[in-house]
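Now for the letters of each chain:
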Amino acid sequence: MAGGGSRNWRLVRADTDAVPPSARRFMARARQRRLRAAMPWLIGAGALLAVGGLVWLVYGTAVLGVREVRVVGAQILTPEQVRAAAAVEPELPLARVDLDEVGARIRKLPPVDRVLVSRSWPSAVVIEVVERTAVAAVPARDGQFVLIDDEGVPFRAVPAAPKGLPLARLGTPGAGDENTGSALTVLAALSDELREQLVAISVPSPVQIRLELRNGRVVIWGDDTKSERKSTVATVLLKQKGDEIDVSAVKVVTIR
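An account of the accompanying structure is given in this report. (Residues numbered from 1 in each chain as written. Predicted model: local features only at pLDDT ≥ 70, side-chain atom pairs only at ≥ 80, totals over all residues. Heavy atoms only, no water.)

### A look at the pattern of salt bridges
- By the definition in use, this model includes ten salt bridges.
- Glu80 is paired through a salt bridge with Arg83; the nearest N and O atoms lie 3.8 Å apart. Residue Glu80 and its partner Arg83 are both found in helix α2 (residues 79-86); the two are separated by three residues, about one turn of the helix.
- Judged by its relative accessible area of 51%, Glu80 falls in the exposed class.
- Taking the shortest distance from any N to any O, the salt bridge between Arg114 and Asp113 comes out at 3.3 Å.
- Of the residues examined, Asp113 reaches a relative accessible area of 29% and is grouped as partly exposed.
- Among the charged side chains, a salt-bridge network with shared partners connects Asp113, Arg114, Arg132, Asp149 and Glu151. (Salt bridge = Lys/Arg side-chain N within 4 Å of Asp/Glu carboxyl O. Helix = DSSP H or I, 4+ residues; strand = E, 2+ residues; numbered from the N terminus. Buried < 20%, exposed > 50% of the residue type's maximum accessible area, 1.4 Å probe, protein only.)

### Section: the sheet that holds strand β3 (residues 124-131)
- Sheet architecture is open: three strands sit in the order β1-β3-β2, paired in mixed fashion. Looking along the sheet, the strands with just one partner apiece sit at the ends: β1 (68-72) and β2 (112-120). The sheet shows a mean angle of 20 degrees between the axes of neighbouring strands, taken without regard to direction.
- Direction of pairing for β1 relative to β3: parallel, over a ladder of five bridges. Note on β3: the bridge partner recorded for Val71 is Ile127.
- Against the sheet, α2 touches β1 and β3, its axis set at about 125 degrees to β1.
- Strand contacts of helix α3 (residues 99-107): β2 and β3, with the helix running at about 150 degrees to β2, the strand carrying the most contacts. (Pairing = 2+ DSSP bridges. Axes fitted to C-alpha atoms, helices over the stretch in contact; angles between N-to-C directions. Contact = heavy atoms within 4.5 Å.)

### A short note on unusual backbone geometry
- With an omega dihedral of 15 degrees, the bond running from Trp121 to Pro122 counts as a cis peptide bond.
- One non-glycine residue with positive phi stands out, namely Ala87, at about 50 degrees.
- Structurally, the position occupied by Ala87 is in the loop between α2 and α3.

### A short note on α2
- Among all positions of α2, only Val82, Ala85 and Ala86 are buried. Buried residues of α2 fall within an arc of 100 degrees about the axis and therefore sit on the same side. Structural note: α2 exposes Glu80 and Ala84 on the side pointing more than 90 degrees away from its buried face.
- Packing partners of the buried residues in α2 comprise β1, α3 and β3.
- Looking one or two residues past α2, Ala87 carries a phi angle of roughly 50 degrees, positive in sign. (Arc of directions from axis to C-beta.)

Listed below in structure tokens is the structure:
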């Protein structure tokens, strides 16, 4: 240019008023659309973070860890014996306690018939124990008595036979023992009158069952077949005189 002059350029930020209203509305709507499009992702990410934090709190920390093992129903066993068998790790996250494994360990205790293990939030494991009920006491060689339940399971040794519990003279008491099974079949079939007078049941073999009653009376039972019928007949004959009642052949009973 003439005179050798030069031009100086300067960027000037346009004032908001310089943007036409229609352009401003367009840009605002565009921002809103972007925000609406991103909102589900933001909500999803927040939910995942919240769930992840909760899972970590429940499963990965001791905040909701085991602080108490509560035992209910134990009478033969002490709560300490049950807790020792349960072997629940202190402060282990309650959600991670394997209830089935705990129950399996407790069921190995001979007096335990059934067990229910549950969680009690926020920090307790509850163990509900149902113990076996004795139906007879088996004299042992060491002078003690072994209690058996209605399945023939020996579950406790005691120094003296409990009062009111009949003796069962068995060689090898057990759930799989044939003599034990015969004894239990007969015991379950006895009338109240026979049960009241029963002192002991002797089973040297499954076909040589006999009942020892009070006052030295004896009932020859034979095998465990027709036990309900034998019980009915023997109960009637209790009113007769005689020390020995033989119902081993139900159709031909004798009393001596």
